[in-house]
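A look at the structure
As a plain string of letters, each chain reads:
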Amino acid sequence: MIKNNAIEETISYNKKSFYTPQDIIEKESQNEILGNLLLTWAGCYTKAYGHVVNNRILKDYVIIYCVGGGGWLKINEKQWIIKKGDFFVCPPNIPHSYGADNKDPWSKYWIHFRGRSASSYMNLIGISTSNPVIHTGSNAKILSWLVDIFRILSMGYTQSNLIFATSYLSNILSYISSLAMNSELNKYDNINIEKIITYMLDNISGNLNLNQLSDYASISRYHFVRVFKEKTGYSPMDYYIRLKIQKACELLESSASKINCVSSVLGFANPYYFSSTFKRIVGQSPKYYREMVHHH
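Just so we're clear, the structure is a prediction, and the values are computed from it rather than from any experiment.

**A few points about unusual backbone geometry**
For asparagine 76, which is not glycine, the phi torsion reads 50° and is therefore positive. Mapped onto the elements, asparagine 76 comes out in the loop between β7 (70–75) and β8 (78–83). Positive phi, close to 60°, is recorded for serine 218, a residue that is not glycine. On the secondary structure map, serine 218 appears in the loop between α6 (210–217) and α7 (221–232). The class for serine 218 is partly exposed, based on a relative accessible area of 49%.

Shown next, in the form of structure tokens:
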């Protein structure tokens, strides 16, 4: 039995961890790159019988990915049951408790991190103290990145290794935000944002309107616009126009088609509207863009 203030663990399971010394954490937190996001501690437990953390308060965020068995999480007097495939976050400076199920204890990976961008990643994912759990399922991509983190940290705590390991943490957080984006729309129907974007791409030469898009999503215009913008950063119609301009860039670079033909193929009412829209989004006229990419 190990006791350390509010932390109590029964070590009766396989444990692997890579802890970055505090002096290195403080030093690298001043780094321009790592100051935004810094992985400070990572590890995994296998069949963690008796594993309990009580009322712990940390300076870092803690993310935990349950890959087997189960357990529980408690924040602000509210408790959640954690199952295989669940991913949860304990925020900094807030007491939190969690532990393994007594009959079928969890196997889990965990990462501590901090930085100026840490809270922004949590907002992107949709994580909060009232909603700290996301079900990602058994995900080989996440597991692969976690293994990469362990491999890098096992080679030491050089600045380049910390940047490299933290880049995989960024991959994990970005990927989970994508999964969360698609699951958010599932609250309204059994579709996801990716499917909506595919529908836009399938009609890139047409002129879809908001009614058609919300009808395809089978939810009200209000909910569709709100969820889509919340998860992509753009309104549905603005995103659709940007996909058209992205396709226009591809055509201008890869074909000899005249600009008015590109405009027509992508469903713009006239080439003048196409050119002004292109310049607004890309920052250059279609003609200048074509000349620029052909000179690189």
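**A closer look at the pairing of strand β6 (residues 61–68)**
A large share of β6 lies buried, amounting to seven of its eight residues. One ladder, built from seven bridges, connects β6 with strand β11 (residues 107–114); its direction is antiparallel. Across the sheet, residue isoleucine 64 finds its bridge partner in β11, namely tryptophan 110. In this structure, β6 lies alongside strand β9 (residues 86–90), joined through four bridges in antiparallel fashion. From the neighbouring strand, tyrosine 65 faces β9, where its bridge partner is phenylalanine 87.

**A few points about the nonpolar core**
Counting residues in hydrophobic clusters, the biggest one holds 38 residues, and the most contacted among them are Ile111, Phe113, Met122, Ile149 and Leu173. When residues of this core are traced back to their parent elements, those giving at least two are β4 (38–46), β6, β9, β11, α2 (118–125), α3 (140–153) and α4 (159–185). With nine residues, the single largest contributor to this core is α4. In terms of nonpolar packing, the next biggest core, distinct from the first, is built from 27 residues, Ile196, Leu208, Cys249 and Leu251 among them.

**A few points about the sheet that holds β6**
Strand order in the open sheet formed by six strands is β3-β4-β11-β6-β9-β12, with antiparallel pairing between adjacent strands. Lying at the two open borders of the sheet, with one neighbouring strand each, are β3 (14–19) and β12 (133–135). Averaged over all pairs of adjacent strands, the angle between their axes in this sheet comes to 15°, without regard to strand direction. Two strands pair when backbone bridges link them, and β3 and β4 are joined in this way by six bridges, in the antiparallel orientation. When the bridges of β4 are listed, lysine 15 appears paired with tyrosine 45.

**What about the environment of leucine 179?**
You can see leucine 179 is positioned in helix α4. Spatially, the C-alpha atom of leucine 179 lies 9.9 Å from that of glutamate 194, the residues being 15 residues apart in sequence. Leucine 179 has contacts with Thr136 and Asn139, leaving out every residue within four places of it along the chain.

**Overview of the packing of aromatic side chains**
What the rule picks out here adds up to 19 aromatic pairs. Between phenylalanine 88 and tyrosine 98, the ring centres sit 5.9 Å apart and the planes meet at 70°, which makes this aromatic pair edge-to-face. With phenylalanine 88 in strand β9 and tyrosine 98 in strand β10 (residues 96–100), this residue pair connects regions lying ten residues apart in the sequence. Each of the two residues, phenylalanine 88 as well as tyrosine 98, counts as buried. Taking the centre distance of 3.9 Å and the plane angle of 5° together, the rings of tyrosine 199 and tyrosine 216 count as stacked. One end of the pair, tyrosine 199, is in helix α5 (residues 193–202); the other, tyrosine 216, is in helix α6, with 17 residues separating them in the sequence. Members of the aromatic cluster, joined through ring pairs, are Phe268, Tyr273, Phe274, Phe278 and Tyr289. The residue whose ring lies beneath lysine 244 is phenylalanine 268, and the NZ or CZ to ring-centre distance is 5.8 Å.

**A word on the pairing of β4**
Among the nine residues of β4, seven are classified as buried, and the element is accordingly described as predominantly covered. Where β4 meets β11, seven bridges bridge the pair, whose relative direction is antiparallel. Residue alanine 42 lies in a different strand from β11, and its bridge partner there is isoleucine 111.

**Quick word on the pattern of salt bridges**
This structure, assessed with the given rule, holds seven salt bridges. For aspartate 60, the salt bridge identified is with arginine 114, shortest N-O distance 2.6 Å. Highlighted residues: aspartate 60 in the loop between β5 (51–56) and β6 and arginine 114 in strand β11, separated in sequence by 54 residues. On the basis of relative accessibility, which here comes to 7%, the residue aspartate 60 falls in the buried class. With a relative accessible area of 17%, arginine 114 lands in the buried category.

Cut-offs and rules
- Residues numbered from 1 in each chain as written.
- Predicted model: local features only at pLDDT ≥ 70, side-chain atom pairs only at ≥ 80, totals over all residues.
- Heavy atoms only, no water.
- Helix = DSSP H or I, 4+ residues; strand = E, 2+ residues; numbered from the N terminus.
- Buried < 20%, exposed > 50% of the residue type's maximum accessible area, 1.4 Å probe, protein only.
- Pairing = 2+ DSSP bridges.
- Core = buried A, V, L, I, M, F, W, Y, C linked by side-chain atoms within 4.5 Å.
- Axes fitted to C-alpha atoms, helices over the stretch in contact; angles between N-to-C directions.
- Contact = heavy atoms within 4.5 Å.
- Phe/Tyr/Trp six-rings, centres within 6.5 Å; stacked < 30°, edge-to-face > 60°.
- Lys NZ or Arg CZ within 6 Å of the ring centre and 35° of its normal.
- Salt bridge = Lys/Arg side-chain N within 4 Å of Asp/Glu carboxyl O.

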